[in-house]
Amino acid sequence: MKFSRQTTLRAQATVAGVGVHSGLPVTLTLGPAPVDAGLIFVRTGLEGSDREIQATAEHVVATDLATVLGDRDGPLISTAEHVLAALRGMGVDNAVIEVDGPEVPIMDGSAAAFIAAIDQAGIVNQPAQRRFIQVLKPISVKMGDSFGEIRPYANGFRAEVEIDFTNPVIGQQSYGFDVSPERFRREVGRARTFGLMGDVARLWSAGYALGASFENTVVFDDERLLNTEGLRYADECARHKVLDVIGDLALAGLPLLGAYRSVRGGHKLNHAVLTALLADRTAWRVVEGEAARRTTRPVVEVGSGIVGGRIAAAYGPDVS
Ligand SMILES: [Zn+2]
């Protein structure tokens, strides 16, 4: 499959589960969208008409426990990050994400169910070049102990995460890779949400995380992993953080050409770096071009004519 062109889904595919915060059943349907549509949430099941919201950074209204999108009428879709990660990670530019409740279903806490839905729907090329946001200079944000940075990168999109938990079972971990559909699927797609037992218990008593369970969260206490089935990867926590980064940065609205690094970060840091990048018009430009890896074909800077030079794409061909 060629990824030099924009892509969408061939058909619809549906996923049913529960919301991690409400614990209530919710159904999500992925479907096709036109060229340049981007990723669009449609909240159905409301009294009155459905509400649409573009998955972009300006629509982020909260980042405390998950990435929440909304508009001036209030929050609309919570826990947007894993389905966005699946779409961006698998190289889907344009899609409609219909959700009939206030939260994206948590499924098993990873992106696996959404990747399966994308596989079921199929990915098709569209008659337009893929467009990217190319990072032109480093942008960094420090928030307390957290540090995040996005910088120019010649080989597509790279996501790097370092975590450093005082909890000795999690401890220090790092993970990073140049994002391609193959590597996304294999290396981070199945990495689950994780938490500390003390925090989960506190959330439960405050009426949050009512849908959280060992079915969808990797839970640690101070001494051990509490899930009897064990981990999917030894460094599953760091890999899940990379998954979150890919989902949160999908809110750029276009695939990024750049390298992102997060140290002790989370949704709030990811959003802060993306917002700082987008706010600085000298730090990025929109380019479109052939997306084959290591290509030397020229790139068109939108609105500014042809810009020569070497550019690599965010997504290589879907082959191993
Ligand atoms: Zn997550």
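Residues numbered from 1 in each chain as written. Predicted model: local features only at pLDDT ≥ 70, side-chain atom pairs only at ≥ 80, totals over all residues. Heavy atoms only, no water.

Draft legend 1. How the structure looks around the environment of L203. Mapping L203 onto the fold places it in helix α4 (residues 197-205). Exposure remark for L203: the relative accessible area of 25% places this residue in the partly exposed category. Remark: the alpha-carbon pair of L203 and H21, spanning 182 residues in sequence, is separated by 9.2 Å. If we ignore the near neighbours within four places in the chain, the residues touching L203 are L65, Y208 and A209. (Helix = DSSP H or I, 4+ residues; strand = E, 2+ residues; numbered from the N terminus. Buried < 20%, exposed > 50% of the residue type's maximum accessible area, 1.4 Å probe, protein only. Contact = heavy atoms within 4.5 Å.)

Draft legend 2. Here's a closer look at the pairing of strand β19 (residues 284-288). Counting buried positions over the 5 residues of β19 gives 4, a clear majority of the element. Across 5 bridges, the pairing between strand β11 (residues 131-135) and β19 is antiparallel. Across the sheet, residue Q134 finds its bridge partner in β19, namely R285. (Pairing = 2+ DSSP bridges.)

Draft legend 3. Looking closely at the pattern of salt bridges. If you walk through the whole model with that rule in mind, you get 19 salt bridges. Residue D119 pairs with R185 through a salt bridge whose shortest N-O separation is 2.8 Å. Of this pair, D119 sits in helix α2 (residues 112-121) while R185 is found in helix α3 (residues 181-188), placing the two residues 66 residues apart along the sequence. You can call D119 partly exposed: its relative accessible area is 40%. For R185, a relative accessible area of 30% translates into the label partly exposed. (Salt bridge = Lys/Arg side-chain N within 4 Å of Asp/Glu carboxyl O.)

Draft legend 4. Spotlight on the environment of A209. Looking at the secondary structure, you find A209 in the loop between α4 and β17 (218-220). C-alpha of A209 to C-alpha of S22: the two residues are 187 residues apart in sequence and 6.7 Å apart in space.

Draft legend 5. Representation of the coordination of the zinc ion in the model. Those donors, H82 (NE2), H240 (NE2), D244 (OD) and D244 (OD), are the protein atoms that reach the zinc ion, and they lie 2.1 to 2.7 Å from it. If you look at the zinc ion, its 4 donor atoms make angles of 53 to 148° with each other, and the shape they trace is irregular. Each donor residue of the zinc ion lies on the same chain, and together they follow the pattern H-x157-H-x3-D. Within this pair, H240 and its partner D244 are both found in helix α5 (residues 236-249), separated by 4 residues, close to a single helical turn. Side by side, H240 and D244 carry an identical accessibility label, which is buried. (Donors = N, O, S within 2.8 Å, 3.2 Å for Na, K, Ca; no water. Tetrahedral: all angles 85-135°; square planar, octahedral: opposite > 155°, others 65-115°.)

Draft legend 6. Representation of the sheet that holds strand β8 (residues 74-77). The sheet built from 3 strands is open, its strands ordered β6-β7-β8 with antiparallel pairing. The sheet is open, and its two edges are formed by β6 (60-62) and β8, each paired on a single side. Averaged over all adjacent pairs, the angle separating strand axes in this sheet is 60°, with direction ignored. For β6 and strand β7 (residues 68-71), the ladder comprises 2 bridges, and the chain directions are antiparallel. Residue V60 lies in a different strand from β7, and its bridge partner there is L69. (Axes fitted to C-alpha atoms, helices over the stretch in contact; angles between N-to-C directions.)

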